[in-house]
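Architecture at a glance
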Amino acid sequence: MKLLRKLFGAKPKVEPIKVTPLPVAEAKPPKPVITLDIVERTSDEQELLNLAIEGATSQLRQAAADKLHSREVLEQAAKAVKTKDKNVFKIIKTKLEEFKAEDAKQAELETAAIRICEKLEKHSFQEADTLFKAKLTVLQNEWAALSVASTSTQQRFTQALTACETKIAARAQIIADEEEKQTLDQQAQQLAEDALRNLKQLAASIYRHADIDDLLNANYELKIQELSNAVRLAANRQLPLDKLSKEFEHRKQQTLNLIDQIKTSGTITQLNQTLDQISDAAIVKQAQHKLQQFIKSTKELGDEIPEALDEAKTKINAFFAEKNQAEQAVKDAMREFSELARKGLWAAEQGFVRKARAIQKELQEKRAQLTNPQELPKSIQTKLEDFEAQLIKLGDWHEFAVTPKKEALIEQMRALANTNINPENLATKIHELQDSWKEVSKGAQQQDDDLWQQFQQASAIAYAPCKDFFEAQAAAREANLTKRRELVSQLQQYLTGYDFTNAIWKDVEQTLKTARAEWQNYWPVPRKAGNELQKEFEGLMEQLFGKITHEYETNKTVKQQLIDQAAALTNSDDSRAATEQIKQLQAQWKNVGKSWPREEHQLWQEFRTHCDAIFAKRNQVFEAAKEQRQAIVSSAEAIIARLHHFAAQTLEQINSAKDEIEQLKSEFNALELPKEATKPIQQKFNNAANAIAAQRDSARHQAEAQSWTDLFAALNAIREYEIARLSGSTDDVLASQRETLTLSVAQVARWPSGTQQAVQLRLTKSDTLTTEDQQRNRDLLRTLTIRAEILAGVDSPETDKPARMNYQVQQLQQGLGQRDSQFEPLLIEWIALGGIEQTTYAPLLTRFDQCRQKSKKY
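To keep things clear, this report deals only with the structure shown in the data block. (Residues numbered from 1 in each chain as written. Predicted model: local features only at pLDDT ≥ 70, side-chain atom pairs only at ≥ 80, totals over all residues. Heavy atoms only, no water.)

Regarding its fold elements, the protein chain presents 31 helices and zero strands. For the protein chain, the share of sequence-separated contacts (at least 6 apart) that also reach a separation of at least 24 residues comes to 75%. For the protein chain, the accessible area works out to roughly 54,000 Å², and carbon and sulfur atoms hold 51% of it. (Helix = DSSP H or I, 4+ residues; strand = E, 2+ residues; numbered from the N terminus. Contact = heavy atoms within 4.5 Å. Areas by Shrake-Rupley, 256 points an atom, 1.4 Å probe, with all protein chains shown as cover.)

Below, the structure written as structure tokens:
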């Protein structure tokens, strides 16, 4: 009432405002009041559907919607209230989403069940190997985990399961038959192997018999025949016994031959007894022949030689070895005696009296040692007689030939005293003449002292110039010896004072080389003292070289370990980790000292080979990863290109390819894009997806705009038909216009939501429209336009502002401020109002459509 007072003022003081009442639609008769109790009591789905759609209050409609459970009824209700009551639609939508969720769950379960059936059917065609049943159990467990499946899928699973079980049963029978066959084959195989083994034992026992009677009593032929029958039975199983059968037959024949041989030649024991009692070579040779036959039989049987045969063989070998040794000793003695006789004859022929007489004495001693000195071979006896005769001749002419030679040597020595030859060469010539004097004096029966004194005196005179020279050389040798002693002392101090734990091994090597070079420079030295000092020097050098050797060997070992580690890394599957580790090994290699020069290069090449292999492997992995990344990028680019292709198509084509587009998006999202390409590729993908969305939105907006254009065009055509009827057009014209109108309305592809039925109703009522309806509709259409402007918040033209104010006041008076909240009811009312002239209809339509476009609902 306060609001009314503000609007109208106090009743006694102010006159009521006189306004011209606006024409409004006729009020419908009030509906019967339906309360929440009715909703609670009823369970009729159809009645609840009507209440959810047509209920007087939102609370009533919501309560009715909340009691709806049938999916079909809920879908009908959703279509009816979608644009009328948000709260009711929300309740219905929630219930429908539960059905959809259940459908999705059932579809997912059905898909999983079909997938299991496909796996099981595929599995039923596999070979029933050892893993067949295990895989079947896994599939059965997966099926058991499903809560429900369709009847057709259940039948499909049962059929595939039966096929698998049938295959398992068949496989089990095959395995049982195979196991039985294997058991029999194994028994036959074992029987044949036992027969061969028993035959070997039989042959071994034959050798142990002491006499032939025991061999005959043992009845070996019968036993061999029994074993042969056993092998023949085993061979009937068609087993691969060819090799065993051949071996058995060969051994069987050799065993029978052995029995025949023993029957003919006697047993091995009898052979050994014969060898113990005889010493005649001929009999021993016969025994040896029998022994070789036994050994040949043993080798043909492939057995080890029995101990008795070894014993007999040893006795025969010992007999002939002793005999051969004695014969060889006689031959060696004769050969040596003959050689001495030849050398003596040669020495006598050459005039070497002394050597010839020494050989004569040795021959006499060896001849005395012979067993029978008189029985020399004729050839040796002839050489000996020739040697004795030549030796007698040599003694006769030696005395006449030596004196002139000695006199000539004296003259040569005297001539050296007057020469200017180098002292070293002079001393050499003097020594050569002295050696010649000794040579001519050998074998002489008497020595000429006068000639000897002359030769000695001449030698002293000739050697005088050499004495000073050799004394100077002796002084130089002593000086060199002193320097070598100093070098040894320095080496001793170096070895004891140098810190070899932190050694610079390059300097140590240089020290070794320098010491060796200086030692060689200090030469010559006195022989005896020099030899003793040489030993000391070499010992010190060995110590120094040993330290270098230890360092080289240590470094070699360390480097070999690094090589082994590098070689092990070449087999690593983790190329990245292997590369990092090989870099660490390379750093360690640099810190390790050098090894032997001849091995250092080889070690480095081996280490470098492993390093190169690891780096090559890493590069291969990098290239493969790069190719894989490029392949992923190419796949992404292909997907993006495909999406761009869809973005250029029409809305109908895009909608028909919806599943394919979603599949492409899923495939793109499943790609693991390279880090460096993720951002640009993702941006391209987003652009392509946005292009499709923009194309779809644009097409949808165009379709929606076209639907409004078609709606208003159809309404305008109906309006023109209504005007033609009211203006009195002929029936033929109206019939033709009506047919065209009906066809054009039917050809509209899409109507704005909820308008098609209203248009059809308008078309149906167009034939009953009167002039009174036309006049009333004209006023109602203007009022409807003002209501749309109020709803959209748009100002009305100046000419309609009073009418707008009157309408708002009437609304306040009648409904306490109730107002239109949705545009759709206004649109339905607009469609129902027909017969308006063009001059009135056109501006009102323009204003009404502007309000529609501004409305948030459209």
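And the narrative resumes.
Turning next to a negative patch on the surface. Where like charges cluster on the molecular surface, the negative patch consists of D177, E178, E179 and E180. Along the chain, D177 turns up in helix 8 (residues 151-207). (Patch = residues over 30% accessible without salt bridge, like charges linked within 9 Å, V, L, I, M, F, W, Y side chains within 5 Å. Salt bridge = Lys/Arg side-chain N within 4 Å of Asp/Glu carboxyl O. Lys, Arg positive; Asp, Glu negative; His and termini not counted. Charge placed at Lys NZ, Arg CZ, Asp CG, Glu CD.)

Relative to the elements of secondary structure, Q775 occurs in helix 28 (residues 771-792). Residues Q775 and I836 lie 61 residues apart in sequence; the distance between their C-alpha atoms is 8.0 Å.

Attention now goes to the packing of aromatic side chains. Enumeration over the complete set of coordinates arrives at 14 aromatic pairs. Relative to F537, the ring of W519 has its centre 3.9 Å away and its plane inclined at 5 degrees; by these criteria the two rings are stacked. Of this pair, W519 sits in helix 19 (residues 505-521) while F537 sits in helix 20 (residues 527-569), and the two are 18 residues apart along the sequence. Pair check on accessibility: W519 and F537 agree, each one buried. One aromatic cluster is present, formed by Y494, Y498, F500 and W505 through successive ring pairs. Above the ring of F500, the side-chain terminus of K547 is found at 4.7 Å from the ring centroid. It is R852 that lies over the ring of W708; its NZ or CZ is 4.1 Å from the centre. (Phe/Tyr/Trp six-rings, centres within 6.5 Å; stacked < 30°, edge-to-face > 60°. Buried < 20%, exposed > 50% of the residue type's maximum accessible area, 1.4 Å probe, protein only. Lys NZ or Arg CZ within 6 Å of the ring centre and 35° of its normal.)

On to the pattern of salt bridges, then. Scanning the entire structure with this criterion turns up 19 salt bridges. The partner of D767 in a salt bridge is R738, with the nearest N and O atoms 3.3 Å apart. One end of the pair, D767, is in the loop between helix 27 (756-765) and helix 28; the other, R738, is in helix 26 (residues 731-746), with 29 residues separating them in the sequence. Note that R787 and E829 form a salt bridge whose closest N and O atoms lie 2.8 Å from each other. Residue R787 is found in helix 28, and its partner E829 is found in helix 30 (residues 824-832); the two are separated by 42 residues along the sequence. Overall, the relative accessible area of 14% leaves R787 in the buried class. Residue E829 is classed as partly exposed on the basis of its relative accessible area of 33%. Residues participating in the shared-partner salt-bridge network are R782, E789, D800 and R847.

Moving on, we come to the packing of helix 18 (residues 449-497) against helix 19. Running from N to C, helix 18 and helix 19 point in directions that differ by 165 degrees, and their axes come no closer than 10 Å. Here helix 19 runs roughly antiparallel to helix 18, going by the angle between their axes. Every pair of crossing elements has a handedness; the one defined by helix 18 and helix 19 is left-handed. Across the interface between the two elements, R484, L487, V488, L491 and Y494 of helix 18 pack against D507, V508, T511, A515, E518, W519 and Q520 of helix 19. Considered class by class, the residues forming the contact of helix 18 with helix 19 number seven nonpolar, two polar and three charged. (Axes fitted to C-alpha atoms, helices over the stretch in contact; angles between N-to-C directions. Parallel < 35°, antiparallel > 145°, perpendicular 65-115°, else oblique. Left-handed = near helix turned anticlockwise from the far one by under 90°. Nonpolar A, V, L, I, M, F, W, Y, C, P; charged D, E, K, R; others polar.)

Okay, the side chain of Q774 next. By the element assignment, Q774 lies in helix 28. Looking at Q774, the relative accessible area reads 11%, which means it is buried. Within the structure, the side chain of Q774 is placed 3.3 Å from the side chain of E837, a separation counted as a polar contact. When near neighbours in sequence (up to four residues on either side) are disregarded, Q774 contacts I723, L726, G834, G835, I836 and E837. (Polar contact = N/O pair within 3.5 Å; in protein donor to acceptor, adjacent residues only side chain to side chain.)

Most often, soluble globular proteins have nonpolar side chains that are buried together. By size, the foremost hydrophobic cluster in this structure holds 34 residues, and its most contacted members are L711, L715, V759, W830 and F848. Counting only elements with at least two residues in this core, the list comes to helix 25 (675-726), helix 26, helix 27, helix 28, helix 30 and helix 31 (838-854). For this core, the element with the highest residue contribution is helix 25, accounting for eight residues. With near-sequence residues (within four places) excluded, F848 lies in contact with L784, T785, A788, F823, L826, L827 and W830. Y494, A503, I548 and Y552 belong to the second-largest nonpolar core, a separate cluster that totals 22 residues. (Core = buried A, V, L, I, M, F, W, Y, C linked by side-chain atoms within 4.5 Å.)

What follows is about helix 27. Every buried residue belonging to helix 27 is among A758, V759, R762 and L763, and all of these are buried. In an axial view of helix 27, the angular spread of the buried residues amounts to 140 degrees, which keeps them on one side of the axis. Across from the buried face of helix 27, at angles greater than 90 degrees, the exposed residues are Q757, T764 and K765. Where helix 27 is buried, its residues meet helix 25, helix 26 and helix 30. (Arc of directions from axis to C-beta.)

Note that R778 resides in helix 28. Judged by its relative accessible area of 18%, R778 falls in the buried class. Not counting the four nearest positions on each side in its chain, R778 is found in contact with I836, E837 and T840.

Turning our attention to the packing of helix 22 (residues 597-647) against helix 25. One way to put it is that helix 22 packs onto helix 25 with a least axis distance of 8 Å and a crossing angle of 15 degrees. As the angle between them shows, helix 22 and helix 25 are arranged roughly parallel. In this structure, helix 22 meets helix 25 at a crossing whose hand is left-handed. Residues R629, V633, A636, E637, I640, L643, H644, F646 and A647 of helix 22 form the contact with helix 25, whose own contacting residues are E676, A677, I681, K684, F685, N687, A688, A691, I692 and Q695. Along the lines of polarity and charge, the residues of the contact of helix 22 with helix 25 split into 12 nonpolar, three polar and four charged.

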